[in-house]
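# Per-entry structural report
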Amino acid sequence: LFVPEANAREAALVSGLQVFACANLEQVLSHILGIRAFQSTPTVSVEAFTQKVIGALNIADISGQEMAKRALEIASSGGHNVLMSGPPGSGKTLLARAMAGILPPLTLPECLDLTRIYSIAGQLPSNGVITARPVRSPHHTTSSVALVGGGSVPRPGEISLAHRGVLFLDELPEFPRSVLEALRQPLEDGIVT
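Reading the values: rules and limits
Residues numbered from 1 in each chain as written. Predicted model: local features only at pLDDT ≥ 70, side-chain atom pairs only at ≥ 80, totals over all residues. Heavy atoms only, no water. Helix = DSSP H or I, 4+ residues; strand = E, 2+ residues; numbered from the N terminus. Rg over C-alpha atoms; globule rule 2.2 N^0.38 Å. Buried < 20%, exposed > 50% of the residue type's maximum accessible area, 1.4 Å probe, protein only. Contact = heavy atoms within 4.5 Å. 1 Å grid on protein atoms, 1.4 Å probe; cavity = no way out; pocket = protein on both sides within 12 Å on 5 of 7 lines; lining within 4 Å. Points joined across faces, edges and corners; volume = space filled by probe spheres on them. Nonpolar A, V, L, I, M, F, W, Y, C, P; charged D, E, K, R; others polar. Arc of directions from axis to C-beta. Polar contact = N/O pair within 3.5 Å; in protein donor to acceptor, adjacent residues only side chain to side chain. Core = buried A, V, L, I, M, F, W, Y, C linked by side-chain atoms within 4.5 Å. Axes fitted to C-alpha atoms, helices over the stretch in contact; angles between N-to-C directions. Parallel < 35°, antiparallel > 145°, perpendicular 65-115°, else oblique. Left-handed = near helix turned anticlockwise from the far one by under 90°. Phe/Tyr/Trp six-rings, centres within 6.5 Å; stacked < 30°, edge-to-face > 60°.

### Things to note about the overall build of the protein
Helix and strand counts for the protein come out as 8 helices and 6 strands. Mapped in sequence order, the helices and strands of the protein form the string β-α-β-α-α-α-α-β-α-β-β-α-β-α. Against the compact-globule benchmark of 16 Å for 193 residues, the protein has a radius of gyration of 20 Å, which places it well outside the compact range. Seen through its C-alpha atoms, the protein measures out along the principal axes to roughly 70 × 40 × 25 Å. The burial tally for the protein puts 32% of its 193 residues in the buried class. Nonlocal contacts in the protein, meaning residues at least 24 apart in sequence, comprise 59% of its contacts between residues at least 6 apart.

### Remarks on the layout of surface pockets
Of the voids in this model, the largest pocket is the one considered here, and its volume is about 1,600 Å³. Along the wall of the largest pocket there are 45 residues; nearest its centre are N81, V82, L167, F168 and L187. Counted by class, the lining of the largest pocket contains 25 nonpolar, 14 polar and 6 charged residues.

### Considering helix 2 (residues 25-32)
Residues of helix 2 that are buried include every one of Q27, V28, S30 and H31, and no others. The buried residues of helix 2 occupy an angular sector of 165° when projected down its axis, which confines them to one face. Exposed and oriented more than 90 degrees from the buried face of helix 2 are L25, E26 and I32. Among the structural elements, strand 1 (2-4) and strand 2 (20-22) are those in contact with the buried residues of helix 2. The residue sitting at the N-terminus of helix 2 and contributing the capping side-chain oxygen is N24; that oxygen lies 3.2 Å from the backbone nitrogen of E26. G34, located one to two residues past helix 2, shows a positive phi value of around 80°.

### Comments concerning the side chain of T115
Tracing the backbone shows T115 in helix 5 (residues 108-120). Polar side-chain contacts of T115 include one of 3.1 Å to the backbone nitrogen of I130. Among all residues touching T115, those that are not within four sequence positions of it are E10, L124, G128, V129 and I130.

### A short note on the nonpolar core
Core analysis: the largest hydrophobic core is formed by 10 residues, namely I59, I62, L72, A75, L95, A98, M99, A100, L103 and V166. Those elements that provide at least two residues to this core are helix 3 (66-78) and helix 4 (92-102). Here M99 is in contact with L72, A75, S76, V82 and V166, once residues within four sequence places are set aside. L114, Y118, A121 and I130 belong to the second largest nonpolar core, which has 8 residues in total.

### A word on the side chain of S160
For S160, the position within the fold is in helix 7 (residues 158-161). Its relative accessible area of 17% is what places S160 among the buried residues. With near-sequence residues (within four places) excluded, S160 lies in contact with I117 and V192.

### Concerning the packing of helix 3 against helix 4
Axis angle and axis distance: for two packed helices, these are the angle between their axes and the distance between the axes, and together they describe the pair. Where helix 3 meets helix 4, the closest approach of the two axes is 10 Å, and the angle between their N-to-C directions is 45°. With respect to their mutual orientation, helix 3 and helix 4 come out oblique. Read as a crossing pair, helix 3 and helix 4 show a hand that is right-handed. Seen from helix 3, the contacting residues are A68, K69, L72, E73, A75 and S76; seen from helix 4, they are L95, M99 and I102. Looking at the contact of helix 3 with helix 4 residue by residue, the classes come out as 6 nonpolar, 1 polar and 2 charged.

### Examining the packing of aromatic side chains
The relative placement of two aromatic rings is captured by the distance of their centres and the angle of their planes. By the definition in use, this model includes 1 aromatic pair. For the pair F2 and F20, a centre-to-centre distance of 5.2 Å together with 20° between the ring planes defines the contact as stacked. Linking F2 in strand 1 with F20 in strand 2, this pair joins segments that are 18 residues apart in sequence. Exposure remark for F2: the relative accessible area of 36% places this residue in the partly exposed category. Under the relative-accessibility criterion, F20 is labelled buried at 9%.

Fair warning: the whole summary comes from geometry, so function is off the table for now.
Below, the structure is given as structure tokens:
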């Protein structure tokens with residue numbers, strides 16, 4: 001498989017492929033014609049990219065809110081949605097951000113799923129692989145296309161970018177009705193088409 005140099009590490013995650021990182025088509029042609037062969041990129045495991053997340057929130061470090069923390073643990077284990085309601089400053093945002101830490105580490109297929117989505121969106125990190133569960137928190141002024149995806153040049157929306165992680169919609173009543181209606185179908189079907 002011949003890929004641009006910027007995508008070599010991403011492609012090297014897939015076992016069973018011989019990946020060649022190329023700077024231009026001239027290199028590919030030289031390799032194919034046997035004029036100047038270059039080395040394939042060695043297969044890489046996701047563990048090689050995994051790093052300790054500095055500053056990650058741990059739900060155990062949150063004081064109080066025992067019922068809310070228990071509800072998040074149950075929701076996380078069952079893959080359920082959560083609606084938190086309460087006065088400003090009661091810890092809803094902190095709890096939502098800590099929820100990703102409750103979820104189990106990503107498996108290789110899950111890392112590949114997320115890496116594909118972020119690659120399509122042009123949001124891959126410098127190492128070229130997504131290894132941590134995402135926490136997405138779009139602003140309440142976001143459009144339905146930005147949330148669900150699509151557009152004249154189709155791109156993944158916030159729902160897809162939060163795949164296998166947490167989508168936190170702070171100030172839910174402030175979102176336009178059209179945006180909330182756009183959420184209904186993906187929530188019912190469990191997929192974004």
